[in-house]
Amino acid sequence: MSGTHIFQSSIDSKLITVSVMSNKSNLEHAHRDIELIYMIKGQLQVKINNKSYHLNKSDFIIVNSNEFHSFQSEKDNLFVVFHFNYLELSSLLSQKNLLFSCQSTENGHSSDQEFRVVIEQLLSVYMQQNQDFEVECLEKTFKLISFLKLNYLKNTNQLELKNYSSSKGQSERLTEIMEYIQTNYREALTLEEVAGLHYLSVPYLSKFFKKQTGKTFSQFLNEIRLAHAVNELVNSSKPITRIALDNGFPNLAAFNRVFNESYQLKPVEYRKQMSDSVEKEVDHTEEISNQENNEAFTELRHYLKSTEEQKVHTLPPATEALNSDVVKIGKLEAFTKYWNKLLNVGYAKDLLNSDMQEQITLLQNEIGFTYARFWGLFGDDMLIEDHSLGTITYNFSNTNKLLDFLIKNKLKPFIEFGPKPKIIQKAVGETLAIQTVSEKSPEEWKNLTKAFLLQCIERYGIEEVETWYFEMWRPHTDVFNEKVQDEKGFLDKLKNNQGQGPTQFKEYFKIFTQFKKDTKELIPAAKVGGCGLSIDLEGDKLELLLDQWKKEEVQPDFLSIYIYPIEIDRDKYRVPIKNLHSTNPNYVLGKLNEVRRTLKRAGFEGLELIVTEWNISISNRNFLNDSSFKASYMVKNIIENLNQNQVNMLGYWLFSDIFSDFRDSKNLLHGGAGLVTKSGIKKPSFHSFVLLKQLGEILVAKGDYYIVTKRSGDRYQVICFNYKHFNYSYYLHPEGSMGIDEQYDIFENTETLNLSLEIQGLVNGKYRVKEHRLNRDHGSVLDEWLKFGAVDDMKPDEVDYLKQICVPYMKVEHHVVENQSLVLKGELQPHEVRLFEFNLLFSDL
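What you are looking at is a predicted structure, and each value in this text was computed from that prediction instead of being measured.

1. Description of the packing of helix 22 (residues 628-640) against helix 23 (residues 684-693)
Part 1 of the argument: It is at 7 Å that the axes of helix 22 and helix 23 come closest, and there the two elements cross at 35°. The two elements helix 22 and helix 23 meet at a crossing, and its hand is right-handed. On the side of helix 22, the interface is formed by Ser 628, Lys 630, Ala 631, Met 634, Val 635 and Ile 638, while helix 23 contributes Pro 684, Ser 685, Ser 688, Phe 689 and Leu 692.
Part 2 of the argument: Taken together, the residues of the contact of helix 22 with helix 23 sort by class into 7 nonpolar, 3 polar and 1 charged.

2. A few points about the pattern of salt bridges
Part 1 of the argument: Tallied over the full model, the rule gives 35 salt bridges.
Part 2 of the argument: The residue Asp 246 makes a salt bridge to Arg 242 at a minimum N-O spacing of 3.0 Å. Here the residue Asp 246 and the residue Arg 242 both occupy positions in helix 8 (residues 240-246), the gap between them amounting to 4 residues, near one helical turn.
Part 3 of the argument: Judged by its relative accessible area of 41%, Arg 242 is partly exposed.
Part 4 of the argument: Residues Asp 661 and Lys 678 are paired through a salt bridge, measuring 3.6 Å at the closest nitrogen-oxygen approach. With a gap of 17 residues between them, Asp 661 in the loop between strand 21 (647-652) and helix 23 and Lys 678 in the loop between strand 21 and helix 23 connect regions that are remote in the sequence.
Part 5 of the argument: Bridged by salt links that share partners, the residues Glu 771, Arg 773, Lys 811, Glu 813, Glu 832 and Arg 834 form one connected network.

3. Structural notes on the pairing of strand 24 (residues 715-721)
Part 1 of the argument: Extensive coverage of strand 24 is indicated by the burial of 6 of its 7 residues.
Part 2 of the argument: Here 6 bridges tie strand 23 (residues 706-711) to strand 24, and the two strands are oriented antiparallel to one another. Following the sheet pairing, Arg 711 is matched in strand 24 by Arg 715.
Part 3 of the argument: Linking strand 23 to strand 24, which pair antiparallel, is a turn of 3 residues; within it Gly 713 sits at a positive phi near 80°.
Part 4 of the argument: Across 7 bridges, the pairing between strand 24 and strand 29 (residues 833-843) is antiparallel.

4. Considering the packing of aromatic side chains
Part 1 of the argument: Per the stated rule, a full pass over the model turns up 53 aromatic pairs.
Part 2 of the argument: Among the aromatic side chains, those forming a connected cluster through ring pairs are Phe 378, Tyr 394, Phe 396, Phe 417, Trp 445, Phe 452, Tyr 460, Trp 468, Phe 470 and Phe 515.
Part 3 of the argument: For Lys 550, the ring lying beneath its charged end belongs to Phe 604, and the centroid distance is 4.6 Å.
Part 4 of the argument: In this structure, Arg 776 packs its charged tip against the face of Tyr 744, placed 3.6 Å from the ring centre.

5. Focus on the confidence of the model for the protein
Part 1 of the argument: Averaged over every residue, the pLDDT of the protein is 83; residues scoring 70 or more account for 84%.
Part 2 of the argument: The spread of mean pLDDT over the elements of the protein runs between helix 11 (residues 284-289), the lowest at 40, and helix 23, the highest at 98.
Part 3 of the argument: Low pLDDT, under 50, characterises residues 157-168; the stretch is placed with 12 contacts to residues that sit more than four places away or in other chains.
Part 4 of the argument: Below a pLDDT of 50 lies the segment residues 477-491, which in the model reaches 50 contacts outside its immediate sequence neighbourhood of four places, other chains included.

The rules behind these values
- Residues numbered from 1 in each chain as written.
- Predicted model: local features only at pLDDT ≥ 70, side-chain atom pairs only at ≥ 80, totals over all residues.
- Heavy atoms only, no water.
- Axes fitted to C-alpha atoms, helices over the stretch in contact; angles between N-to-C directions.
- Helix = DSSP H or I, 4+ residues; strand = E, 2+ residues; numbered from the N terminus.
- Left-handed = near helix turned anticlockwise from the far one by under 90°.
- Contact = heavy atoms within 4.5 Å.
- Nonpolar A, V, L, I, M, F, W, Y, C, P; charged D, E, K, R; others polar.
- Salt bridge = Lys/Arg side-chain N within 4 Å of Asp/Glu carboxyl O.
- Buried < 20%, exposed > 50% of the residue type's maximum accessible area, 1.4 Å probe, protein only.
- Pairing = 2+ DSSP bridges.
- Phe/Tyr/Trp six-rings, centres within 6.5 Å; stacked < 30°, edge-to-face > 60°.
- Lys NZ or Arg CZ within 6 Å of the ring centre and 35° of its normal.
- pLDDT = per-residue confidence, 0-100.

Below you can see the structure in the form of structure tokens.
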């Protein structure tokens, strides 16, 4: 049990503690913290729940909360132990029951090597102790936690509302009992108490427990108490009597007896042995100043330096391509372009604005969407209801102007009904403006809706109207619709919203049922659905919603959902979590996978799924919306979800910055979510849709950073992208707080993508190759405005100049294919999207 504890220090006392150990051994113990062990030198024998693991250099393993574990040093070694506060980690990851499967010694995970890099990055920053030590350590800590979540965390979240069954399986019952003991071992637990709580007789529980575990109830309870007490003996200075009582032993004598039976010595003797073998802890500042003279620290520095050099030596020369893929044209697969079917054009009254209509015409000419989604059609500002004669009459002049314009521009209406307000969001929980709609009784809504549909049928014909989509909004779908003054108020409202019971959908089902019956009565083939569930905020309600909807008489023709990559810390108001963006770069794909699985479980497997809103953020005051990053983000997610999850439409939020024009948006750019600025300059996000439009209808191949498609004949299209996700310091600042000239300082790296993509199986002959580049130098309004000085007094001729120059780069070359192979090469900047189109001019045959 001898060993050396070199140092123990906290990066964030509430979250993580780092300990460096040499030749350290420990008796079996347990604790609430999650423990990560990482080997630097030598060997270590780790035992977890009676299973042994042999760790060598660069091996790692996680010990989950309350797991019995011990470790035995073999010869000279050095290792690092990270302790994560369980409650803080659970809050950060929004999961109540944390369980990791993470150990490199057996059945290696594909992410193991990358995880080693993440661990070593944190250790390197810790060893440097420079001026920005704390901030950098937090950044690397959050990166490590995020990596653990994405790759090693098991999803144990369950819907709270589940029917209790008295006929639960034995394993499930045993798990419940053991979890109860683990949680309450500090209390004076008795077999009678546990039996009563689980509706079992005492003799039955006694026999059942012994049969399932091989131990009596008392033996198991004492083992748990002893394991936690051993941890405190080593890692605290509390009196032994206090340790005994705090861990559930009735008195010191009972603790001494159980300890002696297990380890053949008394607790006081064990503590003395451990204290004699551990160097006396010194002040951390003094320890840092003496690190260079410390052999263990020298060894740790040498290890980190050697691993860094090894990474450098394994990199190919700069002249070689870092990404080289071969695409063989073989089995071809048709696909549907789901991303340009639906566009959110906004609030109905705004669409009567001549500038807005001019931009919609521009958009349709260059991209061509199928459906235009809007709401507020019956808003007060549409001047529909006339009460002057004592009875309500309707004037649909403004609605007809709107619908006429859309249909003229080959856009079919996708109408969201209900009193949904117009909201301009600065960030999550921070609203700039709300424009509400007057309340109406159910009867008033019914009469208005029927009158509207009848006049639409008369004006446009039922053949046209039955191709439209009708979506019923669910009031208070999310707390974005609440005006709150601070983050705590927002989270309070969210928590209240989360806590609603199983009857929360009943009122919506009632409204939806009546609306669909009325609509189908007039337009039998119409698509009627809902309810715009915010997967980011209410995803855990989806299964409950669908289960209840399945029992209703009237069910939806389609399910509409919103996807914004937001992860809410529901239980704590924790600093420095200022930014609620998800750290998961594959958030959209993961959420859509979850939705499809939930639909299948609920019996809605074939139900049409429409993402009616999606974006990187709900914010209309975030300059990332104007940056090249936005283009690569959109292309990455659209390609990643291609032919996945049977999504029929993916509705980009939002069309134009005119929607979010407000008193604080006087400058050329204000961080609006639109595809075009309020003055009509196309953003990188607009250009990304134009490039995606060029893709063919046949999928040849797709990879992590590219897609290859084909049109009829020998015409091929390749889109490549160099996506960069946020670094972990980004999450420490409120959304949108970065300066306009700091938008590219918040990403994981600035490495270029050296592309080499070989297309094999082509017809030999002469090809015309057109290349389009969308990056910071070509097509980025944010970068061009920065070059312009980001002045706030732009003149009309200067705006016209930016309209002309904010376009992607283009060039054309001719290539002769002789061996049925064409290699596409190029160096893509961070956030760049590049399109290659190559068409056969004539073959050699």
